[in-house]
Amino acid sequence: MVRNVAGLLPELEDEDFYLLSGVEQGMRFSEWVQREKLPKFADLPDEEVEYRLERCLKRGLVERKTIQYEGYTLQFEGYDTLALRALVEQDTISEFGSPLGVGKESDVYEVRSYKPLALKYHREGYTNFREVHKERDYTSDNDHVSWMYTARKAAEREYDILEELYPDVAVPQPIGQNRHAIVMEKMDGVELSRTRLEDEQVLGVLELLVSEMAEAYETGYVHADMSEYNVFVDEGGVTIFDWPQAVPTDHENASEFLRRDLTNIVGYFRRKYPQHVPDDLEADDLAREIEAGAFDSLEVDV
């Protein structure tokens, strides 16, 4: 988990942000930005750059490395700081709260504005950049692609998809986005993996979930990473989250991903509630119904 930088905002000055933005700009061309180029990128005098570098190094926002030249790069904390400040200045968020979830590819915090919200920092590519770059469609074909670019593109992609899906599909309402960060409504309920449903609820929740997947397909997307870990359940129904890897329905592998998603979900319910999920409920059959726009309900003998 990357360190929470919310507490740093009050002690940072405008010139610190100019410096961080300058390093960010330079990283479009190279992972390590040459020291002599920073005054131009940051629009600061050389002496000011030196002072701001020391302040940002001390706070762990940038890293220095001597290779063939003296170079600087943003740490994820520095990138978080830039995104967080922009969201505050846009009045998207006003208060920062506790962590809600930490994963390999994201950190999520509770934040507030006019109501409780969730702030998601994308972390794609930070520790396993080569694997992410190879597997994800949203990475660039350029020779120089940084973790920063990969995380930002993931956030932009997820935010755009949420905007298309909401409110027709049960996804978190998107509120704002900057760099690698997304602000969305805070989800109520409990993660499906940690929920123990009553006997009479099992097929109803499974049907709700398949219905939302069908609605997403009709809207134009397949989630492509469905599991019990990205579904929330509450009294009002289900909410599906984590959409950066979603593919459009005209993607060459969309049918394969849809079947994999349904296999994962049906398989989870069958393992956890074997007495309630009939053997004749097949993911392939559900996928054919969804692709034909014919899914209505689970046709099983109860």
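Residues numbered from 1 in each chain as written. Predicted model: local features only at pLDDT ≥ 70, side-chain atom pairs only at ≥ 80, totals over all residues. Heavy atoms only, no water.

To keep things clear, this is the line we draw: UniProt positions are given in the numbering used here, feature names are shortened, and annotations may be inferred rather than shown by experiment.
You'll find the protein chain entered in an unreviewed UniProt entry as non-specific serine/threonine protein kinase, with Natrinema pellirubrum given as the organism. In its Sequence similarities (unreviewed entry) section, the UniProt entry covering the protein chain states "Belongs to the protein kinase superfamily. RIO-type Ser/Thr kinase family." Check the Cofactor (unreviewed entry) section of the UniProt entry for the protein chain; it says "Mg(2+)".

## Points about the pattern of salt bridges
Working definition: two side chains of opposite charge can pair if their charged atoms are close together. Operational definition: By definition here, a salt bridge exists when the distance from a side-chain nitrogen of Lys or Arg to a carboxyl oxygen of Asp or Glu is within 4 Å. Only DSSP runs of H or I with at least four residues qualify as helices, and only runs of E with at least two residues qualify as strands; both kinds are numbered from the N terminus onward. Categorising residues by exposure relies on relative accessible area from a 1.4 Å probe, with only protein chains included: less than 20% of the type maximum marks a residue as buried, more than 50% marks it as exposed, and the intermediate range marks it as partly exposed.
The tally for this structure, following the rule as stated, stands at 22 salt bridges. The shortest N-O distance in the salt bridge between E156 and R152 comes to 2.9 Å. Separated by four residues within a single helix, E156 and R152 lie in helix α6 (residues 147-165), roughly one turn from each other. For R152, a relative accessible area of 26% translates into the label partly exposed. Within this structure, E13, E15, D16, E48, R52 and R55 form a network of salt bridges that share partners.

## Overview of the sheet that holds strand β12 (residues 237-240)
Which entries qualify depends on this criterion: Being paired, for any two strands, means DSSP has found at least two bridges between them. The criterion used for residue contact is that any of the two residues' heavy atoms lie within 4.5 Å. For helices, the axis comes from a line fit to the C-alpha atoms of the stretch in contact; other axes are also lines fit to C-alpha atoms, and the angle between any two N-to-C directions lies between 0 and 180 degrees.
If you walk across this open sheet you meet the three strands as β9-β11-β12, and the pairing is antiparallel. Since the sheet does not close on itself, it has two edges, and those belong to β9 (190-191) and β12, each with one partner. Strand contacts of helix α7 (residues 202-219): β11 (231-234) and β12, with the helix running at about 40° to β12, the strand carrying the most contacts.

## Section: the packing of aromatic side chains
Counted only if it meets this: Stacked, edge-to-face and tilted labels apply to pairs of Phe, Tyr and Trp rings (six-membered ring for Trp) whose centres lie within 6.5 Å, assigned for plane angles under 30 degrees, over 60, and everything in between, in that order.
Throughout the structure, instances matching the rule amount to eight aromatic pairs. Between F96 and Y109, the ring centres sit 4.9 Å apart and the planes meet at 50°, which makes this aromatic pair tilted. In this pair, F96 is assigned in strand β4 (residues 95-102) and Y109 in strand β5 (residues 106-112), connecting sequence segments 13 residues apart. Residue class for F96 comes out partly exposed when judged on its relative accessible area of 25%. Judged by relative accessible area, which is 2%, Y109 ranks as buried. Measuring from ring centre to ring centre gives 6.0 Å for F269 and Y273, while their planes differ by 40°; the resulting arrangement is tilted.

## With respect to the nonpolar core
Our working rule: Nonpolar core, defined: a set of buried Ala, Val, Leu, Ile, Met, Phe, Trp, Tyr and Cys residues in which side-chain atoms within 4.5 Å join the residues together.
Core analysis: the largest hydrophobic core is formed by 45 residues, its most contacted members being L209, W243, L262 and F269. Within the residue set of this core, elements represented by two or more residues are α6, α7, β10 (221-222), β11, β12, α8 (254-272) and α9 (283-291). Here the element with the most residues in this core is α7; it accounts for ten residues. Setting aside anything within four residues of it in sequence, one finds F269 in contact with L192, L197, V202, V205, L206, L209, P274 and V277. Grouped together as the second largest cluster of nonpolar side chains are 40 residues, V5, L38, F76 and V183 included.

## As for the sheet that holds strand β1 (residues 33-34)
Strand order in the open sheet formed by three strands is β1-β3-β2, with antiparallel pairing between adjacent strands. With partners counted over all chains shown, the strands left at the sheet margins are β1 and β2 (62-66), one partner each. Bridge count for β2 against strand β3 (residues 70-74) is five bridges, and the pairing is antiparallel. Its bridge partner lying in β3, E63 is registered against T73.

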